[in-house]
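# Understanding the architecture of this molecule
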Amino acid sequence: MPNVTINSLLPSLPHSHAQSDMTATNCDSPEVTVPCLVVLVVVGVCVSPFGNFLLSFLFIFFHLREPVNQCVIPGLPDDLALRCLAKLSHGHHGVLETVSTKWRDLIRSSDFANFKAREGWCGNWLFVLTECSSNEWVAYDPEADIWHPLPKIPTTHADRKHVGFSCFDPYRKKWSRVASMRTPRSHFACSVISGKVYVAGGLNLSCTRGLALAEVYDPLTDKSCRWEELPPMLNPQMNCLGLSYKGKFYVLSDRVGLPDQKTSEVLSPADRNWCTVEDIWPFSREMQFAAQVIRDDRVYTVVDLGESLIKTRYTDKGEWHNVGSVPSVILPDHPRPLEAFGYGFASLRHELYIVGGKVLKWEESGAGRFDIVKLGLVRVCDPSAMPLTWREIRPMCGSAYGSIVGCASLEEKY
């Protein structure tokens, strides 16, 4: 297979994207006739003045055989073909790999991953871990409207779901083990600010009443994979929630919102100083994902005490306002709407997501009883459009359903 070059990224497009005699030109090798049947449904390649390529297509290939010197896309130079395929989001990769062995090898290659990393084309990801997925995260691509499973996190403890710290590379779609935190802990606050991972609080076997210790990890510049100690918080915290808001790291106690606890710890990464802020953050103390920030300036939170309400506020310390509620669940064989619990609350770009969860369904047959129904459904809305209008999108794949154990998002910078 010829090497794929990634220099000369702006070559001139040929006059014809696919030649009628199926002769592949502009390749590293001499002219080669591709002996396969190709049904080309739609092909469109757009070149903007800034060199951004958008490719919208569907190939149906019936392979007779694949020649060694076949082009990636007949009629296009391989470097331009690489750029076109790299622009497609990760949800399309499974289908692309079925087109040909050459496409599969290219999409799985280090050249492909390095090129996407250099361009910053990581795509938009919603990551979810459920109680039923056996330590296997699933990811959603909103552009392709597709869920796909991720590789399992490597672990050295077969009897535990996960111990330690792992990073997922969105370009290579692989997990890698990195150094554990300096202080072992669980039930801690965690968030990402400017590409760095911040953790604070929590508890461990030697400190069961809460930790004040904090650490930071930089996966890009810290080649030694070491965590760096930060100044401790002013007060120990455990069972706490971490939030990145306007460039600062907020550590919200599970007692925030109660009459005797109206403070939260806030770290300024610029000067690494902690301060205590007297403020009321209403959120569900039963959820680890109950507060979300959209575009770093608008906070949304879920309060499920009595009603599953979604609240926001318009200033840093202003009054919280109801903007809507978590939608009820309609089961096909049940006469009335049901309230979900154990769901995940997430944000991706400008939208809010309600993911998975459970409902109690009353079964009248026999003596009558409640059955727990585990959900894989996903609802999404744009909170800037009032009233909130929820729409149901593709449900999670495989065994991903039930209560949400982990939920996070990764956004591509445009």
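Notes on the structure follow. In this text the structure is predicted, and so the values were computed from the model without any measurement. Going along each chain's sequence as written, the residues are numbered from 1 onward. Only residues with pLDDT of at least 70 get local features here, since the model is predicted, and only at 80 or more are side-chain atom pairs given and counted; chain-wide, interface and lining totals rely on the full set of residues. Note that water and hydrogens are dropped before the side-chain values are worked out from all heavy atoms of the structure.

### A short note on the environment of V266
- What counts as a helix is a DSSP run of H or I of at least four residues, what counts as a strand is a run of E of at least two, and both are numbered from the N terminus. Relative to the helices and strands, V266 resides in strand β16 (residues 263-268).
- For the pair V266 and G242, spaced 24 residues apart in sequence, the C-alpha separation works out to 9.8 Å.

### Focus: the packing of aromatic side chains
- Two rings from Phe, Tyr or Trp (for Trp, the six-membered ring) form a pair when their centres sit within 6.5 Å of each other. Planes less than 30 degrees apart are called stacked, planes more than 60 degrees apart edge-to-face, and all others tilted. Going through the model one piece at a time under the given rule, you end up with 14 aromatic pairs.
- Both rings, one in F127 and one in F168, keep their centres 5.7 Å apart while their planes meet at 75 degrees; by these two values the pair is edge-to-face. Of this pair, F127 sits in strand β5 (residues 125-130) while F168 sits in strand β8 (residues 165-169); the two residues are 41 residues apart in sequence, bridging distant segments of the chain. Just as F127 is buried, F168 falls in that class too.
- Aromatic ring contacts, followed pair by pair, group W125, F127, F168 and W175 into a single cluster. Burial here depends on accessible area, computed with a 1.4 Å probe over protein chains only, as a share of the maximum for the residue type. Under 20% is buried, over 50% is exposed, and the range in between is partly exposed.

### Examining helix α1 (residues 78-87)
- The buried fraction of α1 is high, at nine of 10 residues.
- Those residues of α1 that sit buried are D78, D79, L80, A81, L82, R83, C84, L85 and A86.

### Some words on a nonpolar patch on the surface
- On the surface, F341, L360, W362, F370 and I372 cluster together into a nonpolar patch covering about 490 Å² of accessible area.
- At the level of elements, β24 (358-363) and β25 (369-374) are the ones that each hand at least two residues to the nonpolar patch. Patches in this entry comprise residues that are over 30% relatively accessible and not in a salt bridge; like charges within 9 Å are linked, as are nonpolar side chains (Val, Leu, Ile, Met, Phe, Trp, Tyr) within 5 Å. Note on areas: Shrake-Rupley with a 1.4 Å probe; residue coverage comes only from the protein chains shown. When a carboxyl oxygen of Asp or Glu lies within 4 Å of a side-chain nitrogen of Lys or Arg, that pair is called a salt bridge.

### Digging into the nonpolar core
- The term nonpolar core refers to a set of buried residues drawn from Ala, Val, Leu, Ile, Met, Phe, Trp, Tyr and Cys, joined through side-chain atoms within 4.5 Å. Counting 20 residues, the largest nonpolar core has Y300, I310, V329, F345, L352, V359 and L375 as its most contacted members.
- Broken down by secondary-structure element, the contributors of at least two residues to this core are β19 (298-303) and β23 (351-355).
- Counting residues in hydrophobic clusters, the runner-up holds 18 residues, among them A81, L85, L106 and I107.

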